[in-house]
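Residues per chain, in single letters:
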Amino acid sequence: MATQTLTAQNFDEIVTGNDVVLVDFWADWCGPCKAFAPTFEASSEQHPDVVHGKVDTEAEQSLAAAANIRSIPTIMAFREGVLVFAQPGALPPAALEDLVSQVKALDMDEVRKQLAEQEQQQG
């Protein structure tokens, strides 16, 4: 599956409506973003079961702000609508492949349990 353009209008629907979603926050003027694009595209072809979305931070400034994007590229991974990974910087192909494998292997019951425990401690 090719990458999808994510906007403020479709972001929540895509993230919550799919099992695994990787999001690349990028901008046209960003050299590292352009260098990472073929790696992200190749991953989308290798993993048709994973939604690969791209957010143009220039066109979607409110979405980038809501996601607390401070540098680009930033990669985020969502599993069952839960943010499970966020890191600025382009990933080499092997690291992106490893990330996809780890996200797919997560025990989401355990993740939700840990999130609930964290919320209790903060609450």
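These numbers come from a predicted model, not from an experiment. (Residues numbered from 1 in each chain as written. Predicted model: local features only at pLDDT ≥ 70, side-chain atom pairs only at ≥ 80, totals over all residues. Heavy atoms only, no water.)

Trainee: Pulling in residues and values, what's your account of the sheet that holds strand β3 (residues 51-56)?
Mentor: Across the sheet, which stays open at both edges, the five strands sit in the order β1-β3-β2-β4-β5 with mixed pairing between neighbours. Edge positions in the open sheet fall to β1 (4-5) and β5 (82-88), since each of these has one partner strand only. Bridging between β1 and β3 involves two bridges; their strand directions are parallel. Across the sheet, the residue bridging to Thr-5 is Lys-54, located in β3. Seen against the sheet, helix α4 (residues 93-105) touches β2 (20-26), β4 (74-79) and β5 and runs at an angle of roughly 25 degrees to β4. Strands β4 and β5 of the sheet are contacted by helix α5 (residues 108-122), whose axis makes an angle of about 80 degrees with β5. (Pairing = 2+ DSSP bridges. Helix = DSSP H or I, 4+ residues; strand = E, 2+ residues; numbered from the N terminus. Contact = heavy atoms within 4.5 Å. Axes fitted to C-alpha atoms, helices over the stretch in contact; angles between N-to-C directions.)

Trainee: An account of the pattern of salt bridges is needed here, citing residue identities and associated values.
Mentor: Scanning the entire structure with this criterion turns up six salt bridges. Its salt-bridge partner being Asp-28, residue Lys-34 comes within 3.7 Å of it at the nearest N-O pair. Through salt bridges with shared partners, a single ionic network connects Asp-19, Arg-79, Glu-80 and Arg-112. (Salt bridge = Lys/Arg side-chain N within 4 Å of Asp/Glu carboxyl O.)

Trainee: Give a detailed account of the packing of aromatic side chains, specifying residues and quantitative values.
Mentor: Using the criterion set out here, one finds two aromatic pairs in the structure. Ring geometry for Phe-36 against Phe-40: centres 5.7 Å apart, planes inclined by 45 degrees, an arrangement best described as tilted. Of this pair, Phe-36 and Phe-40 are both found in helix α2 (residues 31-46), four residues apart, which corresponds to roughly one turn of the helix. Each member of the pair, Phe-36 together with Phe-40, is buried. (Phe/Tyr/Trp six-rings, centres within 6.5 Å; stacked < 30°, edge-to-face > 60°. Buried < 20%, exposed > 50% of the residue type's maximum accessible area, 1.4 Å probe, protein only.)

Trainee: Can you tell me about the pairing of β5, naming the residues and giving the values?
Mentor: Looking at chain direction, β4 and β5 are connected through six bridges and run antiparallel. The residue of β5 that forms the bridge with Thr-74 is Pro-88. Between β4 and β5, which pair antiparallel in sequence order, lie two residues; one of them, Glu-80, sits at a positive phi of approximately 50 degrees.

Trainee: Please provide a residue-by-residue account of the UniProt feature "active site" (unreviewed entry) in the protein, values included.
Mentor: The positions UniProt marks with the feature "active site" (unreviewed entry) are Cys-30 and Cys-33. By the element assignment, Cys-30 lies in the loop between β2 and α2. With residues near it in sequence (within four places) discarded, Cys-30 still touches Ile-72 and Pro-73. Turning to its location among the elements, Cys-33 is positioned in helix α2. The contacts of Cys-33, once residues within four sequence positions are left out, are Trp-26, Ala-27, Ile-72 and Pro-73. (UniProt positions renumbered as here; feature names shortened; annotations may be inferred.)

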